[in-house]
Amino acid sequence: MVCLKSVSANPFGVFRGQCVTLLSRAMQDIFPSVVIQPMSLAIPPNPQFGQLSSSVCFEIAKKLHKNPRDIAKQIEKEAEAAASSFTLIEKVKAEGQGYINFYIDLARFSQLTLESARTLDTEYGFVKTSKPERVIVEHTSANPIHPIHIGHGRNSVLGDALTRILKAQGHEVSAHYYVDDVGRQSALIAYGYKLLGKPEPEGKPDHFIGAIYAITNCLLEIRRLKERLENARSTPGAEEEVRDLQRRLDEWVSIAAGLKEKHPDLFNKLLEEISKAESPELEVNLLLQRYEAGEEETKSLIREFSQLCLEGFKQTLARAGISVDSWDWESMFVWNGDVARCLDELKKTPFVFEEGGVLEFDAEMVAQTLGLKEAFGVKPDQEIPSLTLVRADGTTLYTTRDISYSLWKFKRADRVINVIGMEQKLAQLQLKMALCALGYVKEARNLIHFSYNLVRFPGQRMSGRKGRYVTFDEVMDEAVARAYEEVSKRSPQLPNETKHKISEVVGIGAIKYALVETDPQKHVVFTWDKVLNFETNSAPYIQYSHARACSILRKAGKQNRKVDAAVLKEPLERDLVLMISRFPEAFIDAADNLKPNIIADYANALADKFNTFYAALPVLKADSPELANARLMLVDAVRITLRNALILIGIKAPQRM
RNA sequence: GGGCCCGUGGCCUAGUCAGGAUAGGGCGUCGGCCUCCUAAGCCGAUAGUCGAGGGUUCAAAUCCCCCCGGGCCCGCCA
């Protein structure tokens, strides 16, 4: 007799376990010679087929050359006799073409599920791992050169959800932001910032820095294109090139017009200064070299505006409810010698060579020599391009510095998850090969590139360089404003301060949900419609369901602790109980496979079931006090589960809306 | 040219890794439901050759092959 505990971290898992045990025993008794692994059970398409089912008979039938229905019947007979010793199994049936269907003992199961949710409360669903690890999730890491746009937002939201989910699973997780201050882009903005005489920011600092960046970049781009165009024009037979350059120049000129209109003062000042400049490109390169070399004046220059920009980011992220535990400056790894040491180590390997004054890393050779291709998902005959480690002028490249950074992260973590766009897939692979070359094969295998697709506008991609993006800030402003309208319309009686609080939670929830609900591998086309969705399949819908549950509970007052869940017999109640009971399995799936969208999906499905229940069955005015009590406990379990699911994807659950 | 990702009703999307019963949702459109716990809701209707073709299998949206369409990467950018 399996003992019936009153609380389980994973109620549906208990039922599943009982079914697996029962089925395995039955099979062993009847077909001791047949070995079938693994014994997986599926949720049938319709509750009329029970709550779990096995298609194992089809496999046995094949091996024994028998009819699957006959085998199912045999197993049914054997299992039916043993079922009574499993507390949560009501009956076992052979059905269809040869399925074994398991029917749950709803009365006991409801009791177990609702009791578990109520008792575990804020921990319900968060099934702990047996192997806690130290995990670093690197996310956002937007360059401190322009505001965080909605494309980065997807990164932040996914990274934050992963952080929350893995923490809930019992890992020691830390969210890291890699501040890329060493690249050419930072040098570029340093150039513009200096020309302007290090101005005090007007407005939000990251927006201000972003304007300087966009204008400087644009003006230099135009200047460069004009020079090339002149060259091409004087070259015979380059008509094609001339046309291409002219087209690109036209595009940048129109971008310039837009920037001039938006930031006339900054634009004109920069235009004036850059027109006077002898060789801006050279100056930018010089700034980059000086910064890498740790030259004091350049250091303070770049750190100054980077810091300003980060202040803006911190405001944005704080408003979005996304936290960062560590801000890791890329320059630190250059200045403290880590990058140089790392390069020295790499040079000692046979995988580094010099070509035309630059240092190259032969990732292909590493993969071949150490036999790594299969383990890292590379086809045997696919050649991995080599990676440039050091420029001719002695400065390093992004991926080079990332090698040092990765080693630094692995001193602090067992597993590192990099939330980085999928366009960097090759660079991440080269990085892993470099780690392997240095002897860190285990680390390379524990380095996970959590890739995601871009957020794009209909027809075009966002571009920081061209200043073509919608900022995370403006999306939040818009969503919150929209939410405020809704709240005012629906709950005019609430105090204004409360309305604002609710709008903030709802508007920002809507955005985060829209970014987390889609499979990361698919691109998201940004439309206000999608982000401002307040109907079914949105955060507001789930939040609303939660608020409705809270409302019932509030009106009910103090709950009775002694509840008999056996009185919940309606199909809608059964569906709800089952849905609640499956939250822990959904959680495990999401955590083990790093799929936050499973949680979003789950929450929406539970809200759906709850709203159906809400419309169909009265709680406070149920037919009997016993039934009312049981339904209240059910509603409470819904509330707990919805709230916990939302927390995992970083969305707050308001009690009123 | 090579590699990776995506392709599911008019639009968006789950399911694909671990193949199973009638492919779930949402938006839209059309029609209903507030003297009753919040109508950001509920109920019903509408709409699908799961990109195409082949193969494996008792069984394919799911696995294999080939092709088509879209995106990304193959930089002394990040």
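Everything below is about the structure shown above.
This text gives an overview of the structure that appears in the document. Just so it is clear, the model here is predicted, and its values are computed rather than measured.

1. Quick word on the protein's contact with RNA strand B
No. 1: Residues in contact with RNA strand B amount to 68 residues; listed here are only the nearest, Y99, R490, Y544, S551 and L617.
No. 2: Considering the 4 Å shell around the protein, atoms of RNA strand B inside it are sugar or phosphate in 63% of instances.
No. 3: T536 places a main-chain nitrogen or oxygen 2.8 Å from a phosphate oxygen of RNA strand B.
No. 4: The side chain of S551 places a nitrogen or oxygen atom 2.3 Å from a phosphate oxygen of RNA strand B.
No. 5: For the surface near RNA strand B, the secondary-structure elements that each account for two or more residues are α2 (56-64), β3 (99-104), α15 (398-410), α16 (425-437), α18 (472-490), α21 (539-556) and α24 (596-616).
No. 6: The dominant element in the surface near RNA strand B, judged by the number of residues it contributes, is α21, at seven residues.
No. 7: Class assignment of the residues belonging to the surface near RNA strand B gives a composition of 26 nonpolar, 19 polar and 23 charged.

2. A closer look at the sheet that holds strand β1 (residues 52-54)
No. 1: Taken in spatial order, the three strands of this open sheet run β1-β3-β2, and their pairing is antiparallel. Every interior strand has two partners, whereas the edge strands, β1 and β2 (89-95), have only one. Between one strand axis and the next, the sheet turns by 20° as a mean value, whatever way the strands run.
No. 2: Here β2 pairs with β3 via six bridges, running antiparallel. Looking at β3, one finds that V92 is bridged to F102.

3. What about the sheet that holds strand β9 (residues 387-390)?
No. 1: With antiparallel pairing, the three strands of this open sheet are ordered in space as β7-β8-β9. Only two strands of the sheet have a single partner each, and these edge strands are β7 (352-355) and β9. Between one strand and the next, the sheet's axes are offset by a mean angle of 40°, whatever the strand orientation.
No. 2: Across three bridges, strand β8 (residues 358-361) lies against β9 in antiparallel orientation. Directly across from F361, in β9, lies its bridge partner L387.

4. Points about the packing of aromatic side chains
No. 1: Tallied over the full model, the rule gives 21 aromatic pairs.
No. 2: Pairing Y178 with Y398 gives two aromatic rings, centres 6.4 Å apart and planes at 55°, and the pair type is tilted. One end of the pair, Y178, is in strand β5 (residues 172-179); the other, Y398, is in helix α15, with 220 residues separating them in the sequence.
No. 3: A relative accessible area of 0% means that Y178 is categorised as buried.
No. 4: Given a relative accessible area of 25%, Y398 falls into the partly exposed group.
No. 5: Between F333 and Y405, the aromatic rings sit 5.3 Å apart at their centres with planes inclined by 50°, giving tilted as the arrangement. Taken together, the positions of F333 in helix α12 (residues 330-335) and Y405 in helix α15 put the pair 72 residues apart, joining distant regions of the chain.
No. 6: Between K314 and the ring centre of W327, over which it is positioned, the NZ or CZ distance is 4.8 Å.

What counts as what
- Residues numbered from 1 in each chain as written.
- Chains lettered and ligands numbered in written order.
- Predicted model: local features only at pLDDT ≥ 70, side-chain atom pairs only at ≥ 80, totals over all residues.
- Heavy atoms only, no water.
- Near = heavy atom within 4 Å.
- Polar contact = N/O pair within 3.5 Å; in protein donor to acceptor, adjacent residues only side chain to side chain.
- Helix = DSSP H or I, 4+ residues; strand = E, 2+ residues; numbered from the N terminus.
- Nonpolar A, V, L, I, M, F, W, Y, C, P; charged D, E, K, R; others polar.
- Pairing = 2+ DSSP bridges.
- Axes fitted to C-alpha atoms, helices over the stretch in contact; angles between N-to-C directions.
- Phe/Tyr/Trp six-rings, centres within 6.5 Å; stacked < 30°, edge-to-face > 60°.
- Buried < 20%, exposed > 50% of the residue type's maximum accessible area, 1.4 Å probe, protein only.
- Lys NZ or Arg CZ within 6 Å of the ring centre and 35° of its normal.

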